Amino acid sequence: MQAEWVAKIGNTTLYEKDFYLFVPKRDWESIQGLEQKEKVLWDFVKQEASYLYALQKGLDHSVVVHKKLKSRFSRLLVNEYYMRHFLGSVVPKEKLLFCQNNLKKQVLVKHILLQREENFENTNLLNSIKDSLLKGVDFSLLAQTHSQDPSVEKNNGVLGWVSLGETIPEFQDVAFRLCLGCVGIAETEFGVHLIQVDSTKNSRYASLGREEYQDYAFRFSTAYIKGSLKSLASQHDSLLIKESGVILNKGRLQEVVDLIGEAKKGKSRREVDVLSLLKGYNKIIGVYNNEFLSGPWFANKLKDAAYKNVFYSSVDEIYSGFVTVLLRDIAESRAKDLGLDLQHPFIQQYAVSKKSILEKAFMKDLIQNVVPPSKKEVEDYFLQSGSEQDLFVAYSSIEAVLLQKKQEEAKVLFFNDIKDPLNTTINTRWLQGDF
């Protein structure tokens, strides 16, 4: 099947797959009204045009933008390590398979909720209701009579169409395994549910490509992780630190804290340049992967990660901060070793981030290249305003107002230029859903 195009900017054609990175397909399909959809589409075109023009101007090679891209790449890769590798190691494999098998469908679910009680009467009632359902007694009648769900008066026990991830795991485990018309029992924190599935149909995830489908299935499977995620992550981090042979000298860390304290005297925390202090501290602070680390190593890592206003007031604080820096470096290295930077989820995330960064860089470049107002323009504005204030006093303020006005006009001119049919073509057939 040929890919459907969405818009053309000059010689560049943008397809649905590009657009759905900007706004997820399920969100796009939920937008009501052609006017609102058109606005979203033009926002997408604006970003793409800004990105393309930024590349043409070589803004991705500027020092500032390159640093931002490098930092974002690193941050996303660390996140990907924890999302794919760490979470993947604690997700039950059978639950991942369950999600992969059931994400493509929706089930029309009805339920009757009873309190969870360990007594004969409750068990007897449960079996009685189940038998009645199997004999064909009207579900809504039984729900109105027995269900303790507060919403039963409105829905007669019908929950409606349910996709994976929309109910708690214990409930969906039963609901998605039931055959049509069959009755199952699920115990959850809310009580005991008698569940019946009337019919099934394809979910909104059924049309996704293989890689995106697998990605969503994995995300939903993380709901089945047992135990405290915070505790599991802490154990994992401790193991990373141990395996990487990390040792930090607390005596040297105290020296760094003392230097920071001296530099702070008479200043605010924001005024203390901790990175410069670290760059000048050449004593060995710790060991990592059999290599000795001094202050400059940590300073460079903090700078690359775009940390701002770093400040440490105690040994415990700097120890925790440096361990975090080391964990980021370890996770990034392991993510590359695992090839996570070459896999679809990461490539997609980074592409979105790169476009966003370059769009902002282009817009900043656009307004910075606006010619400042001339002296005559400032004087004319002053005369037209009829102000009684002295021009010398008002000059800077007027200059700033006129510059801002020119910058806004430059943005409008850019957007109008994009919307010119000679530069951009919109697939109105696709926009209107007429295909």
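Refer to the preceding data block for the structure.
Looking at the overall build of the protein
What the protein contains, in helices and strands, is 19 helices and 10 strands. Considering only C-alpha atoms, the protein reaches an extent of 90 × 65 × 50 Å along its principal axes. The proportion of buried residues among the 435 residues of the protein is 42%. Nonlocal contacts in the protein, meaning residues at least 24 apart in sequence, comprise 72% of its contacts between residues at least 6 apart. Carbon and sulfur atoms provide 51% of the accessible area of the protein, an area that totals close to 25000 Å². Each charge sign in the protein was given a centre, from 57 positive and 56 negative side chains, and these centres are 4 Å apart.

Brief notes about the sheet that holds strand β7 (residues 247-248)
Across the sheet, which stays open at both edges, the three strands sit in the order β7-β8-β9 with antiparallel pairing between neighbours. Only two strands of the sheet have a single neighbouring strand rather than two, namely β7 and β9 (291-294). As defined by bridge partners, strand β8 (residues 284-288) adjoins β9 across four bridges and the pair is classed as antiparallel. Within β9, the position partnered with Gly-286 by the bridge is Leu-293.

Brief notes about unusual backbone geometry
The phi torsion of most residues other than glycine is negative, and most of the peptide bonds are trans. At Asn-289, a position not held by glycine, the phi torsion is positive, near 55°. Looking at the secondary structure, you find Asn-289 in the loop between β8 and β9. The exposure class of Asn-289 is partly exposed, given its relative accessible area of 44%. Phi at Asn-290 is positive, roughly 65°, even though this residue is not glycine. Looking at the secondary structure, you find Asn-290 in the loop between β8 and β9. Overall, the relative accessible area of 78% leaves Asn-290 in the exposed class.

Points about a positive patch on the surface
Together, Lys-67, Lys-68, Lys-279, Lys-303, Lys-308, Lys-360 and Lys-364 line one region of the surface with positive charge. For Lys-67, the location among the structural elements is in helix α4 (residues 63-90). On the accessibility criterion, Lys-67 (39% relative accessible area) is partly exposed.

A short note on the packing of aromatic side chains
If you walk through the whole model with that rule in mind, you get 22 aromatic pairs. Between Tyr-82 and Phe-86, the aromatic rings sit 6.2 Å apart at their centres with planes inclined by 70°, giving edge-to-face as the arrangement. With a gap of four residues between them, Tyr-82 and Phe-86 both fall in helix α4, about one helical turn apart. Per residue, the accessibility class of Tyr-82 equals that of Phe-86, and both read buried.

Structural notes on the environment of Arg-26
Its location among the elements puts Arg-26 in helix α2 (residues 25-30). For the pair Arg-26 and Arg-204, spaced 178 residues apart in sequence, the C-alpha to C-alpha distance is 7.0 Å.

Looking at the nonpolar core
Residues Phe-19, Trp-28, Leu-248 and Phe-322 are the most contacted members of the largest nonpolar core, which totals 83 residues. In terms of nonpolar packing, the next biggest core, distinct from the first, is built from 22 residues, Phe-171, Ala-186, Val-197 and Phe-220 among them.

Some details on the packing of helix α3 (residues 34-56) against helix α18 (residues 391-419)
Where α3 contacts α18, the two axes come as close as 10 Å, and the packing angle between them is 105°. In this view, α3 runs roughly perpendicular relative to α18, as classed from their interaxial angle. Across the interface between the two elements, Trp-42, Val-45, Lys-46, Ala-49, Ser-50 and Tyr-53 from α3 touch Phe-414, Phe-415, Ile-418 and Lys-419 from α18. Of the residues in the contact of α3 with α18, the class split is seven nonpolar, one polar and two charged.

Comments concerning the side chain of His-193
Considering the arrangement of structural elements, one finds His-193 in strand β6 (residues 191-202). What makes His-193 buried here is its relative accessible area of 5%. In terms of polar contacts, His-193 uses its side chain to reach the side chain of His-111, at 3.0 Å. Residues in contact with His-193, not counting those within four places in the same chain, are His-111, Ile-112, Leu-113, Phe-171, Gly-184, Ile-185, Ala-186 and Thr-188.

Let's talk about the pairing of strand β3 (residues 105-114)
β3 sits mainly inside the fold: nine of its 10 residues count as buried. The pairing of β3 with strand β4 (residues 158-162) spans four bridges and is classified as antiparallel. Following the sheet pairing, Leu-108 is matched in β4 by Trp-161.

Comments concerning the state of the cysteines
Considering all chains together, one arrives at one disulfide under this definition. Disulfide partner of Cys-179: Cys-182, at an S-S distance of 1.7 Å. Taking the torsion about the S-S bond as the criterion, the Cys-179 to Cys-182 disulfide, at about -50°, is left-handed. The partly exposed category is assigned to Cys-179, whose relative accessible area is 42%. Judged by its relative accessible area of 25%, Cys-182 is partly exposed.

Rules behind the numbers
Residues numbered from 1 in each chain as written. Predicted model: local features only at pLDDT ≥ 70, side-chain atom pairs only at ≥ 80, totals over all residues. Heavy atoms only, no water. Helix = DSSP H or I, 4+ residues; strand = E, 2+ residues; numbered from the N terminus. Buried < 20%, exposed > 50% of the residue type's maximum accessible area, 1.4 Å probe, protein only. Contact = heavy atoms within 4.5 Å. Areas by Shrake-Rupley, 256 points an atom, 1.4 Å probe, with all protein chains shown as cover. Lys, Arg positive; Asp, Glu negative; His and termini not counted. Charge placed at Lys NZ, Arg CZ, Asp CG, Glu CD. Pairing = 2+ DSSP bridges. Patch = residues over 30% accessible without salt bridge, like charges linked within 9 Å, V, L, I, M, F, W, Y side chains within 5 Å. Salt bridge = Lys/Arg side-chain N within 4 Å of Asp/Glu carboxyl O. Phe/Tyr/Trp six-rings, centres within 6.5 Å; stacked < 30°, edge-to-face > 60°. Core = buried A, V, L, I, M, F, W, Y, C linked by side-chain atoms within 4.5 Å. Axes fitted to C-alpha atoms, helices over the stretch in contact; angles between N-to-C directions. Parallel < 35°, antiparallel > 145°, perpendicular 65-115°, else oblique. Nonpolar A, V, L, I, M, F, W, Y, C, P; charged D, E, K, R; others polar. Polar contact = N/O pair within 3.5 Å; in protein donor to acceptor, adjacent residues only side chain to side chain. Disulfide = S-S within 2.5 Å.

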